[in-house]
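Structural description and commentary
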Amino acid sequence: MGKDFDVTVVGASFAGLACARAAAERGLDVLVLESRRAPTIGLRTTGILVQEAIAHIDLPPDVLGKIEGVRLYAPSLEFVDLAAPGYAFYATDLPRVMHEQAADAVRSGVEIRWGTPFRSAIAEAERIAIPTNATTTRFLVGADGAQSRVARSFGLGTNRRFLTGLEYEFEGLEGVDAGFLHVFIDAESAPGYIGWVVPGPRVAQVGLASRHPGKVDLEGFLRRIEGLFDFSAARRIETRGGVIPVGGRVGRIVRDRVVLLGDAAGTVSPLTAGGIHRALELGPILGELIADCVALSAADFESRAERELRYPRYRAKRLLRLLADHQPSNAMVDRLFGFDLFRAFAQLVFFHQQGLFSRDAWRDLRRLFAGTPPQSNEKPSGQVSCGSKPSRSRAGAGSAR
Ligand SMILES: Cc1cc2nc3c(=O)[nH]c(=O)nc-3n(C[C@H](O)[C@H](O)[C@H](O)COP(=O)(O)OP(=O)(O)OC[C@H]3O[C@@H](n4cnc5c(N)ncnc54)[C@H](O)[C@@H]3O)c2cc1C
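These numbers come from a predicted model, not from an experiment. Here the residue numbering is sequential within each chain, running from 1 through the sequence in written order. Per-residue local features are limited, in this predicted model, to residues with pLDDT of at least 70; the limit for side-chain atom pairs, both in listing and counting, is 80 or more; totals at the level of whole chains, interfaces and linings are taken over all residues. Note that water and hydrogens are dropped before the side-chain values are worked out from all heavy atoms of the structure.

Turning our eyes to something else, we now look at the confidence of the model for the protein. Here the protein shows a mean pLDDT of 90. Residues at 70 or above account for 87%. Each residue carries a pLDDT score, the predictor's confidence in it, ranging from 0 to 100. In what follows, residue pairs with any heavy atoms lying within 4.5 Å of each other are defined as contacts. Here residues 374-381 scores under 50 on pLDDT; set against residues more than four positions off or in separate chains, the count is 15 contacts. Predicted confidence for residues 391-401 stays below pLDDT 50, and this span has 24 contacts to residues more than four positions away or in other chains.

To continue, consider the nonpolar core. Inside soluble globular proteins, nonpolar side chains tend to come together where they are buried. Here, the term nonpolar core denotes a set of buried Ala, Val, Leu, Ile, Met, Phe, Trp, Tyr and Cys residues that are joined through side-chain atoms within 4.5 Å. Each residue's exposure class comes from its accessible area (1.4 Å probe, protein chains only) as a fraction of the maximum for that residue type: buried when under 20%, exposed when over 50%, partly exposed otherwise. Counting residues in each nonpolar core, the largest one holds 66 residues, and the members touching the most others are Leu140 and Leu286. A per-element tally of this core places helix α6 (residues 276-292) first, with eight residues. When sequence neighbours within four positions are dropped, the list of residues in contact with Leu140 reads Thr8, Val10, Phe118, Ala121, Ile128, Ile130, Val150, Phe154, Arg257, Val258 and Val259. Among the nonpolar cores identified, the runner-up in size contains 28 residues, and Val80, Leu82, Trp196 and Val246 belong to it. Each helix is a run of DSSP H or I of at least 4 residues and each strand a run of E of at least 2, with the numbering of both proceeding from the N terminus.

Turning our attention to unusual backbone geometry. Of note, the bond from His212 into Pro213 is cis; its omega dihedral lies within 30 degrees of zero at -5°. Tracing the backbone through its elements, the reader meets Pro213 in the loop between β15 (204-211) and α5 (218-225). Even without being glycine, Asp256 reaches a positive phi, approximately 55°. Here Asp256 shows up in the loop between β17 (254-255) and β18 (258-260).

Let us now look at the site of the ligand. The criterion for a residue being near a molecule or strand is simple. One of its heavy atoms has to lie within 4 Å of it. What surrounds the ligand is a group of 30 residues, the closest being Ser13, Glu34, Thr45, Phe118 and Asp263. Polar contact criterion, stated in full: a pair of N or O atoms within 3.5 Å, where within protein one must be able to donate a hydrogen and the other to accept it, and residues adjacent in sequence count only if both atoms are side-chain atoms. Ala15 is positioned with one of its backbone polar atoms (N or O) 2.9 Å from an oxygen atom of the ligand. For the ligand, an oxygen atom lies 3.4 Å from a polar atom in the backbone of Gly47. Surface exposure here means Shrake-Rupley accessible area, sampled with a 1.4 Å probe, where a residue is shielded only by the protein chains that are shown. Burial of the ligand by the surrounding chains reaches 87%, relative to a free accessible area of 990 Å². Mapped by element, the contributors of at least two residues to the shell around the ligand are α1 (14-25) and β16 (235-245). Residues of the shell around the ligand, tallied by class, amount to 12 nonpolar, 13 polar and five charged. Under the scheme applied here, ten amino acids are nonpolar (Ala, Val, Leu, Ile, Met, Phe, Trp, Tyr, Cys and Pro), four are charged (Asp, Glu, Lys and Arg), and all others, including Gly, are polar.

Further remarks concern the pairing of strand β11 (residues 135-142). Taking burial as the measure, the eight residues of β11 include eight buried ones, the bulk of the element. As judged from the six bridges shared by strand β1 (residues 4-10) and β11, these two strands associate in the parallel manner. The residue of β11 that forms the bridge with Asp4 is Thr136. In the sheet, strand β10 (residues 128-130) pairs with β11 via three bridges, with the strands oriented antiparallel. Along β11, the bridge assignment pairs Ile128 with Thr137. Being paired, for any two strands, means DSSP has found at least two bridges between them. With antiparallel pairing between neighbouring strands as the criterion, β10 and β11 make up a hairpin whose turn holds four residues, including Ala134 at a positive phi of roughly 55°. Alignment of β11 against β18, held across three bridges, turns out to be parallel. Across the sheet, the residue bridging to Leu140 is Val258, located in β18.

A few words on α1. Relative to the 16 Å expected for 12 residues at 1.5 Å per residue, α1 spans 17 Å between its end C-alpha atoms, a close match to the ideal helical length. In terms of burial, α1 is largely enclosed, as 10 of its 12 residues are buried. Burial in α1 covers these residues: Phe14, Ala15, Gly16, Leu17, Ala18, Cys19, Ala20, Ala22, Ala23 and Ala24. In this structure, the buried residues of α1 make contact with β1, β2 (30-33), α3 (94-107), β8 (111-113), β11 and α6. Here a helix's expected span is defined as the number of its residues, less one, multiplied by 1.5 Å.

Right, dumping it as structure tokens:
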């Protein structure tokens, strides 16, 4: 058998690279196996970072596009603008983000083998052998996404509920107000989730996700929204897509010295389907834990990891996912859209920093419903303003958009 590593991480995306880097910075010998051939290709995500994620990632400012509002469209294409002072989302130049993440990991001493899929491993007394790769490792981290092969190889928990996402990247798409994430409720094109138009720093991303299995009608969605934006000079340069686990944390996340991380562990919000923040937050925690436990027996590591890895379980958001899976018809959403309570609830979903189910969130919901602004010493809860169906001709004039 070839080289021995302390840690082998499967998957060179947000979770795997963050974990690998933290472990390498603590002096461990770390290998990352990645089936994609380079950091910038085969990407599957839109890459929007919530504000909380920014604290966990070091990026040059020009790869980020700050977006302070959400323009939420009803099926009728009426819209409401949502914002919370001091809060922002960040669109990203994703290939550059992944390039930077990989380069940072390599600078920290991580060895990354691109174009090297993990297929199987054999647990031995003290080490885990990876025959196709001719290496052995003391710890194995499965950061290999929603359909983790590491999880299946070691009988760990697997994701069972998914959305399917698909998006196109366009150069030259005009008339997209860069102050907003444009979010579309549409039970026909995107049942169970939403459609989006994201004004990114390099390209505009247009996509949707819907219940899996099911049809992802991106062409139909494009036809629905073509009157809102100027596609006349738009050139499609990339297609991205994949499944998003929305069933919450998988059952068993650790066995001996094999641990799951990121989407493989189901740490994606079942409601918003965002998983990058948790991947970036929990990756270094796992890397540090492994470094602390390098001398422990497999059984001791397993019980410590079970105790200390506090992966979110998303109990309440899983309930809301059930509601989203059975979302009302477009006609019903159009009617609900007129109600302040519906808009206030949307505001909480997108902007409540303490979490949708915190006491503060419900207090703010009551306040928004009653039309009382939040007090100045409180975290921002938000602003809601409304508009009617925007048209392309208004876009250039910068009125409603
Ligand atoms: C269309 C779409 C849009 C999304 N948009 C957002 C968004 O805007 N914001 C957000 O927060 N979240 C979003 N998500 C979810 C987000 O992408 C994930 O939660 C996040 O990427 C999780 O990171 P990860 O490192 O755990 O897994 P992944 O990013 O899935 O990375 C897994 C890595 O493992 C590699 N791999 C898989 N199998 C093997 C193997 N056998 N051997 C070697 N390597 C392997 C893969 O190639 C991949 O690089 C989106 C998801 C999709 C599908």
